[in-house]
Amino acid sequence: MLLKMRINEDTLLEGEKVVLVPYNADHVPRYHQWMCSPELQKLTASEPLTLEQEYDMQRCWREDDDKCTFIILDKQKWADPSIPEQECMVGDVNIFLTDPSDPSLAELEIMIAVPFYRGKGLGKEVTRMMMYYGVHKLGIQKFEVKIGLDNKISIAMFKKFHFRELSISEVFQEVTLGVTVNEALQKHVFGTMDFMLQREYGKARDSRQAPFTPLSL
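From a predicted model like this one, the values you see are computed outputs, not experimental measurements.

### Digging into helix 3 (residues 51–63)
Relative to the 18 Å expected for 13 residues at 1.5 Å per residue, helix 3 spans 19 Å between its end C-alpha atoms, a close match to the ideal helical length. The inward-facing, buried residues of helix 3 contact strand 2 (18–22), helix 1 (28–35), strand 3 (67–74) and strand 4 (89–97).

### As for the pattern of salt bridges
In the structure shown here, the tally under the stated rule is nine salt bridges. One salt bridge connects Glu-14 with Lys-75, and the closest N-O pair in it is separated by 3.1 Å. Of this pair, Glu-14 sits in strand 1 (residues 11–14) while Lys-75 sits in helix 4 (residues 75–78), placing them 61 residues apart in sequence. Take Glu-14: its relative accessible area is 13%, and that puts it in the buried class. Overall, Lys-75 belongs to the partly exposed group, its relative accessible area being 23%. In the salt-bridge network here, residues are joined through shared partners; they are Glu-14, Lys-75 and Arg-199.

### What to know about the pairing of strand 8 (residues 174–180)
Of all seven residues in strand 8, six are buried; the element is thus mostly enclosed. Both strand 7 (residues 164–169) and strand 8 contribute to a ladder of five bridges, which runs antiparallel. Residue Ser-167 lies in a different strand from strand 8, and its bridge partner there is Thr-176. Hairpin connection, strand 7 to strand 8: the antiparallel pair is bridged by four residues, and Gln-173 has positive phi, about 50°.

### Considerations on the nonpolar core
Residues Leu-20, Leu-108, Phe-143 and Phe-163 are the most contacted members of the largest nonpolar core, which totals 41 residues. No other element matches helix 5 (residues 122–138), which puts eight residues into this core. In terms of nonpolar packing, the next biggest core, distinct from the first, is built from 20 residues, Met-35, Trp-61, Met-111 and Ala-113 among them.

### Description of the packing of helix 5 against helix 6 (residues 152–160)
For the pair helix 5 and helix 6, interaxial distance at closest approach is 11 Å and the crossing angle is 45°. Considering their axes alone, helix 5 and helix 6 lie oblique with respect to each other. The hand of the helix 5/helix 6 crossing is right-handed. Here helix 5 contributes Gly-123, Lys-124 and Thr-127 to the contact with helix 6, which in turn contributes Met-157, Phe-158 and Lys-160.

### Topic: the pairing of strand 3
Extensive coverage of strand 3 is indicated by the burial of eight of its eight residues. Neither face of strand 3 is exposed, since Lys-67, Thr-69, Ile-71 and Leu-73 on one face and Cys-68, Phe-70, Ile-72 and Asp-74 on the opposite face are all buried. Relative to strand 3, strand 2 is paired through five bridges, and the arrangement is antiparallel. Its bridge partner lying in strand 3, Val-21 is registered against Ile-71. Pairing of strand 3 with strand 4, which is carried by seven bridges, proceeds in the antiparallel orientation. In the strand pairing of strand 4, Thr-69 is matched with Asn-94.

### Description of the sheet that holds strand 4
Taken in spatial order, the nine strands line up as 7-8-6-5-4-3-2-1-9 in an open sheet, and their pairing is mixed. Every interior strand has two partners, whereas the edge strands, strand 7 and strand 9 (197–200), have only one. If you compare each strand with its neighbour and ignore which way they point, the axes differ by 25° on average.

### Let's talk about the packing of helix 5 against helix 7 (residues 183–190)
Contact pair helix 5 / helix 7: the axes reach a minimum separation of 10 Å and the direction vectors enclose 145°. Note that helix 5 runs across helix 7; the crossing there is left-handed. On the side of helix 5, the interface is formed by Arg-128, Met-131, Tyr-132, Val-135 and His-136, while helix 7 contributes Leu-185, Gln-186, Val-189 and Phe-190. The residue inventory of the contact of helix 5 with helix 7, partitioned by class, reads six nonpolar, two polar and one charged.

Analysis parameters
- Residues numbered from 1 in each chain as written.
- Predicted model: local features only at pLDDT ≥ 70, side-chain atom pairs only at ≥ 80, totals over all residues.
- Heavy atoms only, no water.
- Helix = DSSP H or I, 4+ residues; strand = E, 2+ residues; numbered from the N terminus.
- Expected span 1.5 Å × (residues − 1).
- Contact = heavy atoms within 4.5 Å.
- Salt bridge = Lys/Arg side-chain N within 4 Å of Asp/Glu carboxyl O.
- Buried < 20%, exposed > 50% of the residue type's maximum accessible area, 1.4 Å probe, protein only.
- Pairing = 2+ DSSP bridges.
- Core = buried A, V, L, I, M, F, W, Y, C linked by side-chain atoms within 4.5 Å.
- Axes fitted to C-alpha atoms, helices over the stretch in contact; angles between N-to-C directions.
- Parallel < 35°, antiparallel > 145°, perpendicular 65-115°, else oblique.
- Left-handed = near helix turned anticlockwise from the far one by under 90°.
- Nonpolar A, V, L, I, M, F, W, Y, C, P; charged D, E, K, R; others polar.

Right, here's the structure in full:
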């Protein structure tokens with residue numbers, strides 16, 4: 001099965017604290033602003049790009065067969081139509097197919113880019129939502145994450161989700177953790193996912209942008 005980012009081009013996932021929406025061109029300026037940060041470049045092992053290169057990257061991610069990306073929004077802010085969507089952005093989450101011979105294996109990558117939102121449980125909620133989506137919509141059965149050795153908080157979070165250490169790269173100063181999806185994991189990590197809703201992104205965005213019309217008495 002090919003994993004195409006287009007599979008989620010009109011998918012909105014709503015949790016308790018976050019809303020996940022497809023990465024589109026409207027998000028690129030804010031995303032580019034984040035990625036100018038040396039701290040985030042280090043955390044994500046990324047090279048700085050120009051704004052035009054960032055737009056090119058967004059288009060590539062939209063079309064690539066091996067990526068599925070969502071932008072993470074602050075649900076409370078997004079519920080206020082007067083706040084532009086770009087100002088609700090707090091990070092992104094990606095699933096990458098890393099082995100062409102095994103489409104059930106994927107690398108998971110989560111970035112909470114805005115420091116204010118770290119340590120508030122958003123990463124845990126996004127991890128649960130994205131893993132659930134990956135298992136039930138994309139057929140993923142094995143997840144891996146690569147984390148910098150000094151990022152103790154992220155390492156501890158994934159270990160709570162039953163991820164185990166697979167390898168350590170001294171060259172890249174990162175650890176690879178992995179987990180295989182089974183019944184015990186689904187019970188422990190997902191439990192009840194009643195809090196997560198899936199909606200059509202286009203309709204939700206349009207209704208959010210619709211002008212307010214007061215009731216006439």
